[in-house]
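# Tertiary structure, described
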Amino acid sequence: MIYSIVVLPGDGIGPEITEQALRILTAFNDVSLDIKQELIGGSAFESVGDPLPPKTLNAVGNANAILFGAVGDSKYDYLPRNLRPEQAILGIRKKLRLFANFRPAILYPQLIKASTLKPRIISNLDILIIRELIGDIYFGEPRGFRTALVGDFKGEKEAYDTMQYSIPEVTRIAKIAFDTAKNRKKKLCSVDKANVLETSQLWRDTINVVGQDYPDIELSHMYIDNAAMQLIKNPLQFDVIVTGNLFGDILSDEASMLTGSIGMLPSASLNSKGQGLYEPIHGSAPDIAGQQIANPLAMILSVAMLFRFSLKMPRYANKIENAVFNVLDSGLRTPDIYEEGMTKVNTDEMGDAVLNELKNISR
Ligand code: IPM
Ligand code: MG
C-alpha cells in the first residue's frame, strides 16, 4: 500500500522543523509514501492571497495523513479574520472533522532539570490530554461584533462568541477518551466549568452517561481553574485528561512546561475515517525563525505518532521515539532545552543526530 501524505510547512520555524521531520518520515526503505508539499498559512497568503488555498484543501481531503509545521505571525493581525494564518489550521481541522486531538505530555528523564518545576513533582510524568478539536467556542455560532442592546453598556460596541456542545459531540470524544484510558492506567479526568457554564453541565452529564459503559475506568471531574492549579501542584495525579477545545488549548500549553519545553510536544488529530493530522503543539515562533535554533523534536515525535496512528506501524513509531531518547541521552540539546554541561546543537544537527540514531537502531 502506498500512503498519501500531505506536508504543510507553513510559517516561521515551520519550514525548518519540517525539513528535519521529513528526513525521519522518509527514513524507512520499506514504507511507500506519496508525499506532496502544499502551501498553508501566512506564506500561502503571500503567494496566492489565501491562507488555506483550495488546492491545499483538496490535497488534504485526499490524504491518508497530514504533517503540519506551524502557522501564524503577528504581522498578519491587521487582516480580516478569514485571511489570517490561524484560520488555515482551524479550517483543515473542521473540514476533515478532526475532532479527536491527542496531546501527550511526557517528561524525558534527561530533561528533568530543563523544567521549571521541581524534579520530585514531575519525575516519570506521562499525561495524555485528549482535546475535543472542532467544537466549543472556537467554532460556535453566532459570533461577531454588534451594538449592545441591553445592560450597563447599552449602545456601545461589543463582541460575542458562542460556547456550544451537543450531546453526540461530547459522546464521541468521551468514547475515545474512555477507550484510551482502558489501555493506560484506567483513570480519566474530565475537565469543565460546570459550576458556571451550561455547556459544561451538558459536557459533564454526557461524560457520566458514557462512563456507565466503562465501569472499570475510574472517572473524576475537575473544574478548569482547579485543573490548571493541580497540574502544577501535583501533575502525577493525572493520567488521561479529556476536555473541550478552549480548555484543552490552554491546559496543553501548561502541561508542556512540565516537560521542560513546548518544543518537545507532538500531537495527533484524528477523524472517524482514520485520517490524521500531525503537528507539534507549539506555534510558528516568528521571533526565532530562520536562525536554525528551533527544536525539531516535537515535529519529529509527531512523525512517530503518524506512523503509530495513520500508518499502523507502531514498530517504526517506537524506533523514532527511542532514537529521540538516545539522542537526548547523548547530551545533545537545542537552546530551548540546553543546560550547562550539555552539547548545544542547532536544528539541522538535531535532525542529523536523530536520523543517525535511527539507522543505528534499525541495523
Ligand atoms: C494549538 C494552537 C491553535 C489553537 C491556534 C494556532 C489556532 O494554539 O494548536 O494549540 O488554538 O488550537
Ligand atoms: Mg494552543
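Right above here is the structure, for reference.
The notes below deal with the structure included here. These numbers were taken from a predicted model, which means no experiment stands behind them.

## Let's talk about the overall build of the protein
Of regular secondary structure, the protein possesses twelve helices and 14 strands. What you see for the protein is a C-alpha radius of gyration of 21 Å, in line with the 21 Å of a compact globule of 363 residues. With the principal axes as the frame, the protein shows a C-alpha extent of 65 × 50 × 45 Å. Out of the 363 residues belonging to the protein, those deemed buried represent 53%. Long-range contacts, defined here as pairs at least 24 residues apart, represent 75% of the contacts in the protein between residues at least 6 apart. With an accessible surface of roughly 16200 Å², the protein has 52% of that area assigned to carbon and sulfur atoms. Positive and negative side-chain charges in the protein, numbering 38 and 43 respectively, have mean positions lying 4 Å apart.

## A closer look at the site of ligand 1
Around ligand 1, a shell composed of R93, R103, R131, Y138 and D249 is seen. Side-chain polar atom of R103 to an oxygen atom of ligand 1: 2.8 Å apart, as the coordinates give it. In the environment of ligand 1, an oxygen atom lies 2.5 Å from a nitrogen or oxygen atom belonging to the side chain of Y138. Burial of ligand 1 by the protein chains amounts to 76% of its free accessible area of 320 Å². The residue makeup of the shell around ligand 1, split by class, is one nonpolar, no polar and four charged.

## Points about the pattern of salt bridges
Evaluation of the coordinates by the stated rule reveals 13 salt bridges. The salt bridge partner of R131 is D249, with a shortest N-O separation of 3.8 Å. Of the two residues, R131 sits in strand β5 (residues 126–132) while D249 sits in helix α9 (residues 245–258), which places them 118 residues apart along the sequence. Overall, the relative accessible area of 1% leaves R131 in the buried class. Judged by relative accessible area, D249 falls into the partly exposed class, the value being 27%. Through salt bridges with shared partners, one network takes in D126, R184 and D239.

## Things to note about unusual backbone geometry
Look at the link from E141 to P142: it is a cis peptide, with omega at 0°. Positive phi, normally seen in glycine, also occurs at K186, with a value near 60°. For K186, the location among the structural elements is in the loop between α6 (167–182) and β8 (187–192). The backbone phi angle of Q292 is positive, close to 65°, even though this residue is not glycine. Structurally, Q292 is set in the loop between β12 (276–280) and α10 (297–309). Given the relative accessible area of 21%, Q292 is considered partly exposed.

Rules used in this analysis
Residues numbered from 1 in each chain as written. Chains lettered and ligands numbered in written order. Predicted model: local features only at pLDDT ≥ 70, side-chain atom pairs only at ≥ 80, totals over all residues. Heavy atoms only, no water. Helix = DSSP H or I, 4+ residues; strand = E, 2+ residues; numbered from the N terminus. Rg over C-alpha atoms; globule rule 2.2 N^0.38 Å. Buried < 20%, exposed > 50% of the residue type's maximum accessible area, 1.4 Å probe, protein only. Contact = heavy atoms within 4.5 Å. Areas by Shrake-Rupley, 256 points an atom, 1.4 Å probe, with all protein chains shown as cover. Lys, Arg positive; Asp, Glu negative; His and termini not counted. Charge placed at Lys NZ, Arg CZ, Asp CG, Glu CD. Near = heavy atom within 4 Å. Polar contact = N/O pair within 3.5 Å; in protein donor to acceptor, adjacent residues only side chain to side chain. Nonpolar A, V, L, I, M, F, W, Y, C, P; charged D, E, K, R; others polar. Salt bridge = Lys/Arg side-chain N within 4 Å of Asp/Glu carboxyl O.

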